[in-house]
Amino acid sequence: MKKALAIAALLLAVQVLGWSQAKKPTIMVVPADAFCERNGYVQQVEAMGSVTSSPDYSRAMKDNADIRTLVSAMADFMAKNDFPIQSLEQELKRIQTESAEMAMMTGKTGSEFSETPLERLRRTAKADIILDLDYEIHRVGPRRQVSFNLQAIDAYSSKIISGNTGVSSDSNAPLTSLLEECVLSFKDNFLSGLQHYFDDLFANGREISITILRYDSCPFEFDEEVSIGGESVDFDEWIEEWFQDNTVSGRFTTATSSANMLRFNQVRIPLYAQNRKGRDVAIDADDYVKPLVKLIRKQLNVPVGATPRGLGDVWITVGDK
Amino acid sequence: MIALTVLMTVSAVSVSAQTGKDRRKSFKSWDNYEITTEKVGVDGTKFVKVWGFGKTADQAVMNAKENAVHACIFRGLPGSATAMSTPPICPNPDVLAANEDYFQNFFAAGGPYLAYVNMTTDGVPSGTDKRKVKGGYKVGIYVQVMYDNLKRKLEADGIARKLSSGF
């Protein structure tokens, strides 16, 4: 009996530990915009009457064998550190296949999937940490030398977590060897920068941005007084109070505060929160704003919607969804 | 005037004695060694030139090997023209004091540290890499430190934090 109880307690402990694990960030290597521009991997996109050029990652991955060598070398050492890298190439293929299948698929009664243009636009390759990779080959007399620049960017806050620049030795060796030498050269510094970022994440929470927007159907402006529990308070002040109570150590910055828009950045959110059943679960930006959305809806009796925009940016719309 | 001269002489003597004591202290300190990264090592390794001190040249070589592993764990390796610097495996300065017994055993004569260092040249170095100094020899050797293996060992023993811990 005692043994059975001990096993049950152990299983429960393991399960609780399992629940309280933070969400593992996804990491993806992406060729830098400057690299794509230099090597002609760009595509012209026409939007709202103006033509802009954007990087053509799919072609860069297909046509450039050196990028694949670099990604493979980086994927290898990241996998050894229990952080497998998400493949940009495979992710782009998946999105392409997904789009084709969604267009073809119909229900038994002939109904089709509904997707707004905005949803389609947002269905792109995403990762929590982007490794922005750039390199250039230089000639040193008869020999070649590779200069590289790798930036690890936190997709939530757009901050650079770790920046590594350097040059390989000048040599007649094949380019692949020089590229591998570059990866081995910055590997440990890069991992150290990542470790520092994770330590900060566990100590001070994840950093996100939140924007609150007002539809014209909203009966009040954000700098006006609203009635909360019978007490009159400015809407923007009330929202700031919520952030003071619900951020790690009350850390956030009010970037914009106007009649129609409130923007908060450097919002430090906890990695875990309790779900409806009282369990500790890992949360992200979208989960974090749910209680705020419910609170505004309940207290002011207005429609409120939340739209995750990217990974660490959420738009809350007041007056409509 | 005489009193002032005596005071200044005493102060000068005491400063010079302090300097001598400090020099002896710095010679005894484990952090007092020279190490340079020679080039980018093959995957998972670091190729360095490290100096050691000992009563005999053999002892100095062993000391240099200890220093190479010590640098990878606590000091980090400096960069060079073609290789970036390497951060220490344990950047927290309290790790050594908190795990003193572990490291006493790790760096004991013939201890586990030897499994993580390969000498790239045979025997005792000669020429400018072997210098006779007061009290023994100072030698410089080229070694390959199995950096990744060393890191895994310290992570497995709970001394260093894994990158994925907490996730």
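Residues numbered from 1 in each chain as written. Chains lettered and ligands numbered in written order. Predicted model: local features only at pLDDT ≥ 70, side-chain atom pairs only at ≥ 80, totals over all residues.

Attention now goes to the overall build of chain A. Check the secondary structure of chain A and you find nine helices and 15 strands. Buried positions account for 24% of the 321 residues belonging to chain A. Summarising the internal contacts of chain A: among those between residues at least 6 apart in sequence, 57% fall at separations of at least 24. (Helix = DSSP H or I, 4+ residues; strand = E, 2+ residues; numbered from the N terminus. Buried ≥ 20, exposed ≤ 12 C-beta atoms within 10 Å, placed from the backbone. Contact = placed C-beta atoms within 7 Å.)

This paragraph deals with the domain arrangement of chain A. All names here are of chain A. For chain A, the domain assignment lists domain 1 (23-96 + 121-203) and domain 2 (206-318). Taking only C-alpha atoms into account, the centre of domain 1 sits 34 Å from that of domain 2. Counting residues at the interface gives seven residues for domain 1 and ten residues for domain 2. For the side of domain 1 that touches domain 2, the per-class residue count stands at three nonpolar, one polar and three charged. (Domains from an automatic or database assignment. Nonpolar A, V, L, I, M, F, W, Y, C, P; charged D, E, K, R; others polar.)

As a further point, take the interface of chain A and chain B. Reports often express the size of an interface as the amount of accessible area lost when the parts come together. Counting residues at the interface gives 23 residues for chain A, matched by 14 residues for chain B. Only β6 (159-167) and α7 (175-204) of chain A provide two or more residues apiece to the side of chain A that touches chain B. Residue classes in the side of chain A that touches chain B are distributed as nine nonpolar, ten polar and four charged.

Further remarks concern the packing of helix α4 (residues 65-80) of chain A against α7 of chain A. Residues and elements named next belong to chain A. Where α4 meets α7, the axes come as close as 10 Å, and the angle between the chain directions of the two elements is 35 degrees. With respect to the hand of their crossing, α4 and α7 are arranged in right-handed fashion. Counting all contacts with α4, which are made through D66, T69, L70, A73, M74 and F77, the residues of α7 involved are L175, T176, L179, E180, V183 and K187. (Axes fitted to C-alpha atoms, helices over the stretch in contact; angles between N-to-C directions. Left-handed = near helix turned anticlockwise from the far one by under 90°.)

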